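Structural features, examined
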Amino acid sequence: MDSTQWFTEEWAEQGSAISLKTVQILHSEQSPFQRIDIWETETFGTLMTLDGLVMVTSRDNFIYHEMLSHPALYAHENPQSVLIIGGGDCGTLREVLRHKEVQHAVQVELDERVTRVAEIYFPELCASNHDPRARFHFLDGIQWLKDAPDESYDVILIDSTDPVGPAEGLFAEEFYAQCHRALRVGGVLAGQTESPLFHLPILQRVHRSLKAVGFAAIKTLQFPQCTYPSGWWSVTMAQKSGDLQLIRSENPAHWNDIETRYYTPEIHRAAMALPRYVTRVLAEQPPTT
Ligand code: AG3
């Protein structure tokens, strides 16, 4: 009998799926918010899924975490105060804290269990959790931003799951309006915005919403992420004032001291180049009603 086990995440509406060969399941629980599973895989290291969706693997999470954090932080002149919404596995937080300009990094994650489980199974992602600049709040990020004082953050990073269920509100215009209000002048927002192949309507909606709430510049970055739907992913950045053209890492003084595996200043610039079909859709005018 073939005892090989595969974890599969199916994307029914796309007629497609990702499978990872597993060795064993290491942990499984139903938190108050979702099902959390941890697998040992044969070739991707440890895998965390939430409600059956791939969140991180040891092998490829560095691409996503670096692209969510470094472009946004390097697009800001002096990112002192950073807010992370979601990001319970702490991989984004670790990247943020590599920047010595950062004085406070506040992480607001709904599900404390994701962080507690990550501390056990992804200790490398949680390596900076005891940095004195880090603060954790296990609360609803949407409410957190409603309560946030005006102009209180330099950078807001949205490290969410797909826009279904609790994360849906993190892709909504009302939420972006609160982010805009809570950002200081020149502040930068960056959020994960799904696959440029499978989820282009989401990207289009995000661009329209960010524009509608008053962001001065909006840019999508694209990069490979082989364990997410379609294997190709995006982050969208928006700046309150400014044009997102600053890439501080192009100045070696701001760059040499940070260890990255994927990000380089060249990657930062190159990732903002978008395929023609994407640019066309993003440039379409919203229907007037
Ligand atoms: N953020 C999850 C991106 C969405 C993945 N979607 C999917 N597998 N259907 C992951 C959190 C990493 N810190």
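On a predicted model such as this, the values are computed, not experimentally measured, just so you know.

Rules used throughout
- Residues numbered from 1 in each chain as written.
- Predicted model: local features only at pLDDT ≥ 70, side-chain atom pairs only at ≥ 80, totals over all residues.
- Heavy atoms only, no water.
- Helix = DSSP H or I, 4+ residues; strand = E, 2+ residues; numbered from the N terminus.
- Buried < 20%, exposed > 50% of the residue type's maximum accessible area, 1.4 Å probe, protein only.
- Polar contact = N/O pair within 3.5 Å; in protein donor to acceptor, adjacent residues only side chain to side chain.
- Contact = heavy atoms within 4.5 Å.
- Pairing = 2+ DSSP bridges.
- Right-handed = clockwise from strand over helix to strand, strands pointing away.
- Domains from an automatic or database assignment.
- Salt bridge = Lys/Arg side-chain N within 4 Å of Asp/Glu carboxyl O.
- Core = buried A, V, L, I, M, F, W, Y, C linked by side-chain atoms within 4.5 Å.

Before going further, it helps to spend a moment on the side chain of Thr236. Checked against the element boundaries, Thr236 lands in strand E12 (residues 232-239). Since its relative accessible area comes to 2%, Thr236 is described here as buried. A polar atom in the side chain of Thr236 sits 2.8 Å from the side chain of Thr220. Setting aside its immediate chain neighbours within four residues, Thr236 contacts Leu189, Ala190, Gly191, Thr193, Leu203, Val206, His207, Leu210, Ile218, Lys219 and Thr220.

Moving on to the pairing of strand E6 (residues 81-86). Where burial is concerned, most of E6 is hidden: six out of the six residues are buried. Of the pairings in the sheet, the one linking E6 to strand E7 (residues 104-108) comprises five bridges and is parallel in character. Bridge pairing in E7 links Ile85 to Val108. Once you follow E6 into helix H2 (residues 91-96) and on to E7, the crossover reads as right-handed. Two elements, E6 and strand E9 (residues 153-159), share five bridges in a ladder whose sense is parallel. Bridge pairing links Leu83 to Ile156 in E9.

Here the domain parsing of the protein chain yields domain 1 (5-57) and domain 2 (61-283). Computed over C-alpha atoms, the centres of domain 1 and domain 2 are 23 Å apart. Opposite the 24 residues of domain 1 that make contact, domain 2 presents 20 residues. Here Glu29 ties to Arg113 by a salt bridge, and the two come within 2.8 Å at their closest N and O atoms. Linking domain 1 with domain 2 are seven residue pairs in polar contact (both at pLDDT 80 or more), by the criterion used here.

This paragraph deals with the nonpolar core. Residues Val82, Val96, Leu157 and Met237 are the most contacted members of the largest nonpolar core, which totals 41 residues. Every element with two or more residues in this core is listed here: helix H1 (61-74), E6, H2, E9, strand E10 (183-192), strand E11 (217-224) and E12. No other element matches the eight residues that H1 contributes to this core. Both domains that furnish three or more residues to this core are identified here as domain 1 (5-57) and domain 2 (61-283). Sequence-distant contacts of Met237, that is, excluding residues within four places in its chain, are made with Pro71, Ala72, Leu189, Ala190, Ala217, Ile218, Lys219, Leu221, Leu244, His268 and Met272. Grouped together as the second largest cluster of nonpolar side chains are 24 residues, Val108, Ala148, Phe175 and Ile202 included.

Most of strand E4 (residues 46-50) sits inside the fold, with five of its five residues counted as buried. Here E4 shows no split at all, with Thr46, Met48 and Leu50 on one side and Leu47 and Thr49 on the other all buried. Judged from the five bridges that link them, strand E3 (residues 35-41) and E4 form a sheet pairing that is antiparallel. Bridge pairing links Glu40 to Thr46 in E4. Two elements, E4 and strand E5 (residues 53-57), share four bridges in a ladder whose sense is antiparallel. Across the sheet, residue Thr49 finds its bridge partner in E5, namely Val54.

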